Amino acid sequence: SYAIVKYPILADIKCKNGFLHRLDVPSSGLILVAKKYNAYFDLLMQLHRGEIHRDYLVLLHGLAQRKVVAVRLAKEALTSWSGRQ
């Protein structure tokens, strides 16, 4: 697909398809994903050093539309959200 050609990391199981971490696991959380290898390894180092900080701000006026996004991952890509095997 076009996305795989443009961002090869999305097909690279060794780099967990670009997925780095699920932030705030107890809640629905955000998922940290890199589209390029240099961003993946830079973010991975920041995670290991504890340098990623989270600030949240949610503003909502009216009703939010429900949207579902489906992503298929290889089982090997889900060994750890922290970047550790």
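Preceding this section is the structure that the text describes.
Structure report, in brief. (Residues numbered from 1 in each chain as written. Predicted model: local features only at pLDDT ≥ 70, side-chain atom pairs only at ≥ 80, totals over all residues. Heavy atoms only, no water.)

### Brief notes about the overall build of the protein
And then number 1: The helix and strand tally for the protein stands at two helices and two strands.
And then number 2: For the protein, the α and β elements follow one another from N to C terminus as α-β-β-α.
And then number 3: Entry remark: accessible area of the protein is about 7100 Å², with carbon and sulfur atoms responsible for 58%. (Helix = DSSP H or I, 4+ residues; strand = E, 2+ residues; numbered from the N terminus. Areas by Shrake-Rupley, 256 points an atom, 1.4 Å probe, with all protein chains shown as cover.)

### Notes on unusual backbone geometry
And then number 1: Positive phi outside glycine occurs at Lys16, with the angle close to 55°.
And then number 2: If you trace the backbone, Lys16 turns up in the loop between α1 (2-6) and β1 (19-23).
And then number 3: One non-glycine residue, Asn17, adopts positive backbone phi at about 55°.
And then number 4: Along the chain, Asn17 turns up in the loop between α1 and β1.

### Focus on the packing of aromatic side chains
And then number 1: Going through the model one piece at a time under the given rule, you end up with one aromatic pair.
And then number 2: Seen from their ring centres, Tyr40 and Phe41 are 5.1 Å apart, and the 90° between their planes marks the pair as edge-to-face.
And then number 3: In this structure Phe41 comes out as partly exposed when scored by relative accessible area, which is 43%. (Phe/Tyr/Trp six-rings, centres within 6.5 Å; stacked < 30°, edge-to-face > 60°. Buried < 20%, exposed > 50% of the residue type's maximum accessible area, 1.4 Å probe, protein only.)

### So, helix α2 (residues 37-49)
For an α-helix the count is 3.6 residues per turn, leaving residues at separations of three or four pointing the same way.
And then number 1: When the terminal C-alpha atoms of α2 are compared, their 18 Å separation across 13 residues agrees well with the 18 Å that a helix rising 1.5 Å per residue should span.
And then number 2: All of the buried residues in α2 are Tyr40, Leu43, Leu44 and Leu47. The buried residues of α2 all sit within an arc of 110° when viewed along its axis, so they share a single face. Of the exposed residues in α2, those oriented more than 90 degrees away from the buried face are Asn38 and Arg49. (Expected span 1.5 Å × (residues − 1). Arc of directions from axis to C-beta.)

### Describing the nonpolar core
And then number 1: By size, the foremost hydrophobic cluster in this structure holds 10 residues: Ile9, Cys15, Leu20, Leu32, Ala34, Tyr40, Leu43, Leu44, Leu47 and Ile52.
And then number 2: Considering every element that reaches this core, the biggest residue donor is α2, with four residues.
And then number 3: Ignoring any residue separated from it by four or fewer positions in sequence, one finds Leu43 in contact with Leu20, Leu32, Ala34 and Ile52. (Core = buried A, V, L, I, M, F, W, Y, C linked by side-chain atoms within 4.5 Å. Contact = heavy atoms within 4.5 Å.)

### Observations regarding the side chain of Asn17
And then number 1: A relative accessible area of 9% means that Asn17 is categorised as buried.
And then number 2: Within polar-contact distance, the side chain of Asn17 engages the backbone oxygen of Leu10 at 2.8 Å. (Polar contact = N/O pair within 3.5 Å; in protein donor to acceptor, adjacent residues only side chain to side chain.)

### A word on the environment of Val33
And then number 1: Structurally, the position occupied by Val33 is in strand β2 (residues 30-33).
And then number 2: The spacing of Val33 and Lys16 is 17 residues in sequence and 9.5 Å in space, taken between C-alpha atoms.
And then number 3: Residue contacts for Val33: discarding those within four places in its chain leaves Gly18, Phe19 and Leu20.

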